[in-house]
Amino acid sequence: MAPVWTITYNDLPVTVCSVFTRLFHSILGSRLERLLPISQRQKGFRKGDGIFLNSLTLQRCIADAKANRKNLRVAFIDLRKAFDSVGHDALWTSCRKLGVPEHFIKYCHNFYRNSSTRIVLDEKLSQPIRSRRGIKQGDPMSVHLFNAVVDYCTDKLRKDIGFTFGDEKLQFLAFADDLVNLSEDCAGLRVNCNLVAEQFSLAGLKANPAKCATLNIKVLRGKWVCDDRPFLEIAGTKVTVLSVVDTYKYLGVQIGSMNLGTNPTKSLESAVKKLSKAPLKPQQRVWGAFGATYQGRVRATQARHRVLASEEVKVLDIAIVSDHVALEVPYNGKVEKYNMEKHERTPNTVIEDNAVWGLHI
């Protein structure tokens, strides 16, 4: 009698397709990213530093609520094994809603339907195991199909509920399956959270209340306070509320009413110290430093749009200049040498001027 083979959520494999298939799907994925009319609030698997933009936007919303005495309610929604759980029917429904051509949907449907996994155990090969849910992790096209599902679900949110930031009313921020709902009152946040949870459930996705959290900033007698009384339930479970000293790790950044993220200067200094001690070639150190300063230049761009205060950018500029000191790279007019101590000068090194390496604000 043949053995019975089963596969659990913890055993779902990473997709390893042929080189030709990966190349073909990279092309399709690039076209999907460019053509799908997905909300700009979704930053996952898209060009640009989405982690930085989303975390910074959330930080500025909190700062705006405190400075201008505005009510702000935030819900951090964690989905349980989102990439492994999304139903295949939800993928095709979401694509049709976004106007994807039917022949493209048919190709994706057949690609998933005809795929299977086989396991070797004790020198025995299992029967083909077919999955009816989950996207192919490792496939460059499938992440955009997942974004389509999240967009389909978040599109059901009520547009009159949200937090007014500048000239825009923000209902949510998304980075793939990391979702943040925003509102100016508790009732509105509950409505939108229930709506999106219902849509996620239809798509095979379930929220994990134990890993969700809320933040409640409200105005009381002309001052902002952080109310730590629970006001939101997900799947019948009360969601944890952050107190004034608590933080929630969102996209690697600690977010809270008092602690608005990590210190970028310390992050840069730490990165430079590690770079200086790493056993790298001079050219590798150069590009490592260039990568560190890239984050500074992103912040400078945001500062021009008044997202960061000018004094914050000046601090970053000082940190970037100090990077060159730590790397023993001259910072006078033009960068003419990139070698570390006891290393020979590398010929044909790229020369960059100060405007590239520093913010200069």
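Reading the values: the criteria
Residues numbered from 1 in each chain as written. Predicted model: local features only at pLDDT ≥ 70, side-chain atom pairs only at ≥ 80, totals over all residues. Heavy atoms only, no water. Helix = DSSP H or I, 4+ residues; strand = E, 2+ residues; numbered from the N terminus. Expected span 1.5 Å × (residues − 1). Buried < 20%, exposed > 50% of the residue type's maximum accessible area, 1.4 Å probe, protein only. Arc of directions from axis to C-beta. Contact = heavy atoms within 4.5 Å. Axes fitted to C-alpha atoms, helices over the stretch in contact; angles between N-to-C directions. Parallel < 35°, antiparallel > 145°, perpendicular 65-115°, else oblique. Left-handed = near helix turned anticlockwise from the far one by under 90°. Core = buried A, V, L, I, M, F, W, Y, C linked by side-chain atoms within 4.5 Å.

- In the annotation of an unreviewed UniProt entry, the entry for the chain reads Reverse transcriptase domain-containing protein, and the organism field reads Bugula neritina.

## Thoughts on helix H1 (residues 19-35)
Here comes step 1: Here H1 is 17 residues long and its end C-alpha atoms lie 24 Å apart, about the 24 Å a rise of 1.5 Å per residue gives.
Here comes step 2: Listed in full, the buried residues belonging to H1 are Thr21, His25, Leu28, Gly29 and Leu32. Burial along H1 is one-sided: seen end-on, the buried residues are contained in an arc of 110°. Set apart from the buried face of H1 by more than 90 degrees, the exposed residues are Val19, Phe20, Leu23 and Arg34.
Here comes step 3: Among the structural elements, helix H5 (102-113) and helix H6 (142-154) are those in contact with the buried residues of H1.

## Brief notes about the environment of Lys159
Here comes step 1: The residue Lys159 is located in the loop between H6 and strand S4 (163-165) in this model.
Here comes step 2: In this structure the C-alpha to C-alpha distance between Lys159 and Lys169, which are 10 residues apart in sequence, comes to 8.0 Å.
Here comes step 3: With near-sequence residues (within four places) excluded, Lys159 lies in contact with Lys169 and Gln171.

## Here we look at the environment of Gly50
Here comes step 1: One can find Gly50 in helix H2 (residues 50-67).
Here comes step 2: Separated by 201 residues in sequence, Gly50 and Leu251 place their C-alpha atoms 9.6 Å apart.
Here comes step 3: Discounting residues that sit within four places of it in the chain, Gly50 has contacts with Lys43 and Phe175.

## A closer look at the packing of H1 against H5
Here comes step 1: Interaxial distance between H1 and H5 falls to 14 Å at its minimum, and their mutual angle equals 140°. Taken together, the axes of H1 and H5 lie oblique to each other. Handedness of the H1/H5 crossing: left-handed. Across from Thr21, Phe24, His25, Leu28 and Leu32 in H1, the residues of H5 making contact are Phe104, Tyr107 and Phe111.

## Quick word on the nonpolar core
Here comes step 1: If you look at the biggest cluster of nonpolar residues, it comprises 49 residues, and the most contacted ones within it are Ile77, Val86, Leu91 and Leu145.
Here comes step 2: Among the secondary structure elements, those contributing two or more residues to this core are H1, strand S1 (72-77), helix H3 (82-85), helix H4 (88-97), H5, H6, strand S6 (172-175) and helix H7 (186-202).
Here comes step 3: Core analysis: the second largest hydrophobic core is formed by 23 residues, Leu173, Ala213, Tyr248 and Tyr250 among them.

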